[in-house]
Amino acid sequence: MGPNQYACPVAPPAFYLCSLPWTERGIQKQKQSSHKVTRMMNPKSRVQEWVADHIELIPGMPDDVAVDCLARVPHGSYRSMRRVCRGWRSAAAAPEFALARAEAGANEDLVFLMQFGNPVAGDDGAPENTPAYGVAVYNVTTGEWHRESSAPPVPMFAQCAAVGTRVAVMGGWDPKTFEPVADVNVLDAATGVWRRGAPMRSARSFFACAEAGGKIYVAGGHDKLKNALKTAEAYDAEADGWDPLPDMSEERDECDGMATVAGDRFLAVSGYRTGRQGGFERDAEWFDPATREWRRLERVRAPPSAAHVVVRGRVWCIEGTAVMEWRGERRGWLEVGPYPPGLKAGTARAVAVGGGERVVVTGAIESEGGGGGHALWVFDVKSKNWTVVRPPPQFAGFVFSLASVRV
């Protein structure tokens, strides 16, 4: 084990020192308290307390200034940063590190995409060992793409949902038997570390899933006999455990999942029963965690080709010719924005990022001759403008599920 596994570097790389408010008076003031275990309630102080044995993060530099440096490291360099020394690894693992990044204005929005490989990538596309179905990441803040190469094997049609900085990859098909699985793998996007999660209580695929009230809910889908399910369960990523929920009132295969307006209740939208293959229902059910009961909502489903997403507490639907917002059973759907330009109908998946500042939509590009490929559309909620993002060839495959995390 190398010496810098324990000791922090003698001097910080110049990159980490950029954009900092350096003043001689400020540094002298910081040095007076750099070796005290402060009880201040700001994020930098809390990160300092988290570091074991109060390791000096950067020798000769006040720890709160050092935390400010580390908080500005781009997310793409996290793995390298964590390998530098024990102090940096502990600081980056502190629960308050994300708050320190926010305070420094260094947050980045990541979209995780459960994606099939692009068969037309060719020699300039993905390497030969790229899995047929895996986890790709689009950094909305920087525009960069990468593949989660350290991810465990991902079942086909596995789905993902995020709670905090954790992304859970769940269910899907075994690529050899094509039968649903109960597998769960969890990535901590803040540290880049994957772990095996407790399996779902029921193997399922094509189910509804979403985070609501700090838990990840799954409901519906189908079993290995292609029977539609009405079972549901909730995952606590912190405790790594599943809570079995009461059954929904209806079977719902290929249903959508989202949080309700308040953000604390799970909503399973549409889907179809075993005996009505492809006959999507125009209703939904939401789970009340206080009473542990499902409640039905009628007439909330736009056409089955729609993509649903919750934006700042409102249910949005991307379909047809516009972006629609649900205003309740009395007012119904109201247009709030234009349709993504060039998006092929019936292919969209959507997720809100940055606390609802933007919406990212994936889907196929409309083309007269077909084969238009896939792209991303980023909607600015304030300006109501779309930006089309053409991914590199190796990231232009079909996206089945996606989730967003702010780090």
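Structure: see above.
Here we summarise the structure given alongside this text. Computed from a predicted model, the values in this text were never measured in an experiment.

## Notes on the sheet that holds strand S14 (residues 283–288)
Right, on to step 1. In spatial order, the strands read S12-S13-S14-S15; together these four strands make up an open sheet with antiparallel pairing. The open sheet has two edge strands with one neighbour each: strand S12 (256–259) and strand S15 (293–298). Each neighbouring strand pair of the sheet contributes to a mean axis angle of 25 degrees, computed without reference to strand direction.

## Quick notes on the packing of aromatic side chains
In this description, an aromatic ring pair is defined by two values, namely the gap between the centres and the angle between the planes.
Right, on to step 1. This model, assessed by the stated rule, comprises 22 aromatic pairs.
Right, on to step 2. Relative to Trp145, the ring of Tyr138 has its centre 4.7 Å away and its plane inclined at 35 degrees; by these criteria the two rings are tilted.
Right, on to step 3. Owing to a relative accessible area of 16%, Trp145 belongs among the buried residues under this scheme.
Right, on to step 4. The interplanar angle of 35 degrees and the centroid separation of 4.8 Å between the aromatic rings of Tyr235 and Trp242 together place this pair among those described as tilted.
Right, on to step 5. Since its relative accessible area comes to 12%, Trp242 is described here as buried.

## Focus: the pairing of strand S1 (residues 109–116)
Right, on to step 1. Most of S1 sits inside the fold, with eight of its eight residues counted as buried.
Right, on to step 2. Alternating residues of S1 divide into Asp109, Val111, Leu113 and Gln115 and Leu110, Phe112, Met114 and Phe116, and every residue in both groups is buried.
Right, on to step 3. As paired elements, S1 and strand S24 (residues 399–406) share seven bridges and run antiparallel to each other. Paired with Val111 across the two strands is Ser404, which belongs to S24.
Right, on to step 4. Judged from the seven bridges that link them, S1 and strand S2 (residues 133–139) form a sheet pairing that is antiparallel. Across the sheet, Phe116 pairs through a bridge with Tyr133, a residue of S2.

## Comments concerning empty space enclosed by the protein
Right, on to step 1. All told, the structure shown has one cavity of 30 Å³ or more when counted by the stated rule.
Right, on to step 2. Its boundaries defined by the atoms lining it, the largest cavity holds a volume of some 50 Å³.
Right, on to step 3. For the largest cavity, the full set of lining residues is Gln115, Thr362, Gly363, His374, Ala375, Leu376, Pro391, Phe395, Gly397, Phe398 and Val399.
Right, on to step 4. Residue assignment for the lining of the largest cavity shows that the elements contributing at least two residues are strand S21 (358–364) and strand S22 (374–380).
Right, on to step 5. When residues of the lining of the largest cavity are assigned to their parent elements, the largest contribution, three residues, is made by S22.
Right, on to step 6. In the lining of the largest cavity, the residues fall into six nonpolar, five polar and no charged.

What counts and how
Residues numbered from 1 in each chain as written. Predicted model: local features only at pLDDT ≥ 70, side-chain atom pairs only at ≥ 80, totals over all residues. Heavy atoms only, no water. Pairing = 2+ DSSP bridges. Helix = DSSP H or I, 4+ residues; strand = E, 2+ residues; numbered from the N terminus. Axes fitted to C-alpha atoms, helices over the stretch in contact; angles between N-to-C directions. Phe/Tyr/Trp six-rings, centres within 6.5 Å; stacked < 30°, edge-to-face > 60°. Buried < 20%, exposed > 50% of the residue type's maximum accessible area, 1.4 Å probe, protein only. 1 Å grid on protein atoms, 1.4 Å probe; cavity = no way out; pocket = protein on both sides within 12 Å on 5 of 7 lines; lining within 4 Å. Points joined across faces, edges and corners; volume = space filled by probe spheres on them. Nonpolar A, V, L, I, M, F, W, Y, C, P; charged D, E, K, R; others polar.

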